[in-house]
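Topology and contacts: notes
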Amino acid sequence: MNFKKQLKDGLITQNPVLVQVLGMCSTMAITTSISNGVGMGISVLIILTLSNIFISLLRKIIPNEVRIACYIVVIAGFVTIVDLCLQAFFPEIAKSLGVFIPLIVVNCIVLGRAEAFASKNSVAAAAVDGICQGIGYTVVLVIMCTVRELLGAGTLMGIQIMPKSYTPALMLVLPVGGFLCLGTLIAVMQWALAKSEKKAAEKNEKEGE
Amino acid sequence: MSVTTLLAISLGAILTNNFIFAQFLGICPFLGVSKKSDTAIGMGLAVTFVMGIASAVCFGVNKLLVALGLGYMQTVAFILVIAGLVQFIEMFLKKSMPSLYTALGVYLPLITTNCAVLGVVLLNVQNDYNFIASVVYGITGGLGFLLAIYLFSTIRERVQFADYPKCFEGFPIALITAGLIALAFMGFSGLQVWPV
């Protein structure tokens, strides 16, 4: 059990969105304001953790041939619970996220982690993995929201931040902005990862000498 | 529901409210299967087929659930119907069209987790479409997906040879390309030929 390493994996080296490139639809669609991003991020975090725990518990019972169908049913159950809770307690967020809450069922992050991690590891490790990957996803959403809301509307959490003379780049809150923003973000991530790899390789070389 | 409404729904699903470029549904297969234009067309057709049938079947399932007072089971029931349908199509293709089956490969079972399919079913319920409108929306939504993935794959075949910074290799350049197509598709917004 290595919490620190799993957190680093979730945030950077195995970030679900920027490195594994999973769950793109929701990442681009709902990141137009910070409240949306945080709401979606936390919903996914909860569903991911619960489904990871549950699938890890059931991993010895579920027959291998029908495992994907079983995972989807487990995930769909948790998504329905979260969907109903959001509608009851946060109707505004539920309304602005709309169809993307039930669509968490087919979010590749949840199914991907179930298949790649929860089905092979202990309950505690799966729970930690769910939390870490969820945090990684939420952080990316918040970064995207900040850029798009600040530059696209000139506000943050609905409060005017940019000076009045700033003309909002409306394009960024439109679908186009989602594609461009995520593309640039992944490019930055690839650049940073390549750089740190190069550094590590150089260090290894020096030690070798 | 009149013919003009159906035409308006179709136009919206294909151009103004394209599933990929305006609603962000089905991005994963869109990026995953768009490296070659012939597989892109196969994928687009398979998705169109599943979306049409899923819309029709789920319309009935939803009526049944509402009649039984089980409206909250929608998501679970729909995903099961879709998973079953995809499994059925897979078996059918394997028997009768093995060449298309091998061309689609792993992406065929992955249609289950294509959010455009579940998305169109949920949107049908949300918009309160009747049976015909649901099926039309499903099929035309699929055609919109087909148009998007085909356009994108042809551009992507050329982008391969372009000169761009190394860190943009792979997904970033694909996303930026898609963004530019989305920008072009924005030109269709507000297009209204038939009054709703």
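Let us now look at the overall build of chain A. Within chain A one finds eight helices and two strands. When the helices and strands of chain A are read in sequence order from the N terminus, they spell out α-α-α-α-α-α-α-β-β-α. The principal-axis extent of the C-alpha atoms belonging to chain A is close to 60 × 60 × 25 Å. Counting over 209 residues, chain A shows a buried share of 47%. Put simply, 76% of the contacts in chain A that link residues at least 6 apart link residues at least 24 apart. Total accessible area on chain A stands at roughly 10100 Å², and carbon and sulfur atoms take up 68% of it. Separation between the mean location of the 16 positive side-chain charges and that of the 12 negative ones in chain A comes to 3 Å.

This part covers the packing of aromatic side chains. One pass over the full model with this rule turns up ten aromatic pairs over all chains. Aromatic side chains Phe30 of chain B and Phe152 of chain B sit 4.4 Å apart centroid to centroid with 20° between the ring planes, which places their arrangement in the stacked category. Taken together, the residues Phe30 of chain B in helix α2 (residues 27–32) and Phe152 of chain B in helix α7 (residues 131–159) connect sequence positions 122 residues apart. The exposure classification of Phe30 of chain B matches that of Phe152 of chain B, with both residues buried. Clustering of aromatic rings is evident, with ring pairs tying together Phe179 of chain A together with Phe21, Phe24, Phe30, Phe152, Phe185 and Phe188 of chain B.

All names here are of chain A. A cluster of nonpolar side chains, namely Leu11, Ile12, Val139, Ile143, Val147 and Leu151, defines an oily patch on the protein surface of about 400 Å² accessible area. Contributing elements (two or more residues each) for the nonpolar patch: α1 (3–13) and α7 (123–153). Ranked by the residues each element gives to the nonpolar patch, the list is headed by α7, at four residues. Looking at the secondary structure, you find Leu151 in helix α7. Given the relative accessible area of 32%, Leu151 is considered partly exposed.

Criteria and thresholds
- Residues numbered from 1 in each chain as written.
- Chains lettered and ligands numbered in written order.
- Predicted model: local features only at pLDDT ≥ 70, side-chain atom pairs only at ≥ 80, totals over all residues.
- Heavy atoms only, no water.
- Helix = DSSP H or I, 4+ residues; strand = E, 2+ residues; numbered from the N terminus.
- Buried < 20%, exposed > 50% of the residue type's maximum accessible area, 1.4 Å probe, protein only.
- Contact = heavy atoms within 4.5 Å.
- Areas by Shrake-Rupley, 256 points an atom, 1.4 Å probe, with all protein chains shown as cover.
- Lys, Arg positive; Asp, Glu negative; His and termini not counted.
- Charge placed at Lys NZ, Arg CZ, Asp CG, Glu CD.
- Phe/Tyr/Trp six-rings, centres within 6.5 Å; stacked < 30°, edge-to-face > 60°.
- Patch = residues over 30% accessible without salt bridge, like charges linked within 9 Å, V, L, I, M, F, W, Y side chains within 5 Å.
- Salt bridge = Lys/Arg side-chain N within 4 Å of Asp/Glu carboxyl O.

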